Amino acid sequence: MQSKTRFNLGLKACVAAALLAGGLAGVSAPAVAQQSKFITVGTGGIVGVYYPLGGAICRFVNANRKDHGLRCTVESTGGSVFNINAVMAGDMDIGFAQSDTQYYAMTGANAFKDKPQPKLRALFSVYPELLTLVARQDANIKTFADIKGKRVNIGDPGSGTRGTTELVMAALNIKKEDLKLASELKFVEMAPALCDNKIDAFTFVAGHPNAIFQEAATSCASNIATVVGPGVDKLVKDNPFYAKANVPGKMYKGTDNAQATFGVLATIVASADLPEQTAYIITKAVFDNLDDFKKLHPAVANITKEQMLEGNTVPFHPGAIKYFKEKGLMK
Ligand code: GLU
């Protein structure tokens, strides 16, 4: 995976976010909660990457409960779009979200058409997620354009995967009607449906390696296909939060060569209404325990603190800024 390219692309957006956030620094900080207060982390399907990492974040937060009184729990959800809606509605405190979904929420585009979320804030970014197309080998899908006429899972409506998949379909001029079936299965159902021959392919925007792709690779004859073409090139060129990357060869059975695609960053978001102290405690819990965090999933094995400030398009939450400044990660 060309992680360097990807992170470099995130820089511009990061600077913009930092500048924007500077103007918001006056948001008041409530006193530290004295009694136990529940906070909920919106993740994804339990077999994805968001869910186990959300669990890790909660373990780090809960380890210091006697100091701050926060009791952190994770919830399995449909993914990025669901999580942003939930944090903005006040139903959850923080959530995982793809960096492109973050941008579309802020600007009121795609899944957030007519309902922009100007109070969406970022705590930090976490790791690269690649739009990955997995197909049954007998479906003969070698590249995204081959999905025409096939049975394809285009994503749970609450996922970021769904939005990114629809953008690629539009970029490659593939309409829903061009598919034999466009299903909306949950993450946990995708690999079983593929191997039960209910669908020919599914897309998933996720960190590598992960259990869903492993399951598809080991339970039946499947392969990862490329996501390429002039339309994809334009999508990546026009949007700083997209970057080209490869799914490495030999990572999954059935796919010996690297498969070109593009990716986003997984990020942690909250509402500007989340108390500054809560955002600070969560940010501190992850950054102070980063060495342990990196050991918990291969998708985060190579991340660095500096990179975790890159790639967000919405302003940082004041609680995250407080921690970054305290540690000299931000001026
Ligand atoms: N990026 C995915 C989505 O929001 C979720 C990935 C995961 O659960 O690990 O669609």
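Residues numbered from 1 in each chain as written. Predicted model: local features only at pLDDT ≥ 70, side-chain atom pairs only at ≥ 80, totals over all residues. Heavy atoms only, no water.

Draft legend 1. Layout of the overall build of the protein. When helices and strands are counted, the protein shows twelve helices and ten strands. Considering the protein as a whole, with its 331 residues, one finds that 56% of them fall into the buried category. Counted over contacts in the protein with a minimum sequence separation of 6, partners at least 24 positions apart contribute 76%. Surface summary for the protein: the accessible area is close to 13,500 Å², and the carbon and sulfur share equals 53%. (Helix = DSSP H or I, 4+ residues; strand = E, 2+ residues; numbered from the N terminus. Buried < 20%, exposed > 50% of the residue type's maximum accessible area, 1.4 Å probe, protein only. Contact = heavy atoms within 4.5 Å. Areas by Shrake-Rupley, 256 points an atom, 1.4 Å probe, with all protein chains shown as cover.)

Draft legend 2. Representation of the confidence of the model for the protein. A residue-level look at the protein finds 89% of positions with pLDDT of 70 or above and a mean pLDDT of 91. The low-confidence segment residues 1-33, where pLDDT is below 50, has 51 contacts with residues more than four positions distant or belonging to other chains. (pLDDT = per-residue confidence, 0-100.)

Draft legend 3. Quick look at the pattern of salt bridges. According to the stated counting rule, one finds twelve salt bridges in the structure shown. Between Asp 67 and Lys 66 there is a salt bridge, and its shortest N-O distance comes to 4.0 Å. Across the pair, exposure class does not vary: Asp 67 and Lys 66 are exposed alike. The shortest N-O distance in the salt bridge between Asp 138 and Arg 136 comes to 2.9 Å. Assessed through its relative accessible area of 57%, Asp 138 is described here as exposed. (Salt bridge = Lys/Arg side-chain N within 4 Å of Asp/Glu carboxyl O.)

Draft legend 4. Region of interest: unusual backbone geometry. Here the bond from His 208 into Pro 209 is cis, since omega is -10°, no more than 30 degrees from zero. Assignment of secondary structure puts Pro 209 in the loop between strand S7 (201-206) and helix H8 (211-219). Here Asn 140, not a glycine, exhibits a phi torsion of approximately 55°, which is positive. Here Asn 140 is to be found in the loop between strand S4 (120-136) and strand S5 (151-153). Not every positive phi belongs to a glycine, and Asn 173 is a case in point at roughly 60°. You can see Asn 173 is positioned in the loop between helix H6 (160-171) and strand S6 (181-183). Residue classification places Asn 173 among the exposed positions, given a relative accessible area of 51%.

Draft legend 5. Inspection of the site of the ligand at higher detail. What surrounds the ligand is a group of 14 residues, the closest being Val 49, Ser 80, Gln 98, Thr 161 and Val 205. The side chain of Gln 98 places a nitrogen or oxygen atom 2.9 Å from a nitrogen atom of the ligand. Contacts to the ligand include Glu 129, whose side-chain N or O atom sits 2.9 Å from a nitrogen atom. In the complex, 100% of the free accessible area of the ligand, which totals 300 Å², lies under the protein chains. Counting only elements with at least two residues in the shell around the ligand, the list comes to H6 and S7. Split by residue class, the shell around the ligand holds five nonpolar, eight polar and one charged. (Near = heavy atom within 4 Å. Polar contact = N/O pair within 3.5 Å; in protein donor to acceptor, adjacent residues only side chain to side chain. Nonpolar A, V, L, I, M, F, W, Y, C, P; charged D, E, K, R; others polar.)

Draft legend 6. Just the state of the cysteines, in detail. Overall, the coordinates contain two disulfides when judged by the stated rule. Shown here is the disulfide that connects Cys 195 with Cys 220, its sulfur atoms set 2.0 Å apart. Looking down the S-S bond of the Cys 195 and Cys 220 bridge, the torsion is -65°, so its handedness is left-handed. Of this pair, Cys 195 sits in helix H7 (residues 187-195) while Cys 220 sits in the loop between H8 and strand S8 (222-225); the two residues are 25 residues apart in sequence, bridging distant segments of the chain. Look at the protein and number its bonded cysteines as they come in the sequence; the links are 1-2, 3-4. (Disulfide = S-S within 2.5 Å.)

Draft legend 7. Spatial organisation of the nonpolar core. Counting 54 residues, the largest nonpolar core has Val 61, Leu 123, Phe 124, Tyr 127, Phe 293 and Phe 324 as its most contacted members. Once residues lying within four places of it in the same chain are set aside, the contact partners of Tyr 127 are Val 49, Tyr 50, Leu 53, Gly 207, Val 264, Leu 265, Ala 266, Ala 299, Val 300 and Ile 303. (Core = buried A, V, L, I, M, F, W, Y, C linked by side-chain atoms within 4.5 Å.)

Draft legend 8. Molecular detail of helix H2 (residues 50-63). The terminal C-alpha atoms of H2 lie 20 Å apart, and with 14 residues this matches the ideal 20 Å at 1.5 Å per residue to within 8%. Buried residues of H2: Tyr 50, Leu 53, Gly 54, Gly 55, Ala 56, Ile 57, Cys 58, Phe 60 and Val 61, and no others. (Expected span 1.5 Å × (residues − 1).)

Draft legend 9. Looking closely at the packing of helix H4 (residues 80-89) against helix H5 (residues 99-107). Running from amino to carboxyl end, H4 crosses H5 at an angle of 45°, the nearest separation of the two axes being 10 Å. Judged by the angle between their axes, H4 and H5 are oblique. Crossing of H4 against H5: the hand is right-handed. Residue-level inspection shows Ser 80, Val 81 and Ile 84 of H4 in contact with H5, the latter providing Thr 101, Gln 102 and Ala 105. Each residue belonging to the contact of H4 with H5 can be placed in one class, and the counts come to three nonpolar, three polar and no charged. (Axes fitted to C-alpha atoms, helices over the stretch in contact; angles between N-to-C directions. Parallel < 35°, antiparallel > 145°, perpendicular 65-115°, else oblique. Left-handed = near helix turned anticlockwise from the far one by under 90°.)

Draft legend 10. Structural detail: the side chain of Asp 100. Within the element layout of this structure, Asp 100 appears in helix H5. Residue class for Asp 100 comes out buried when judged on its relative accessible area of 1%. The contact partners of Asp 100, leaving out residues within four places of it in the chain, are Thr 164, Phe 241, Tyr 242 and Val 264.

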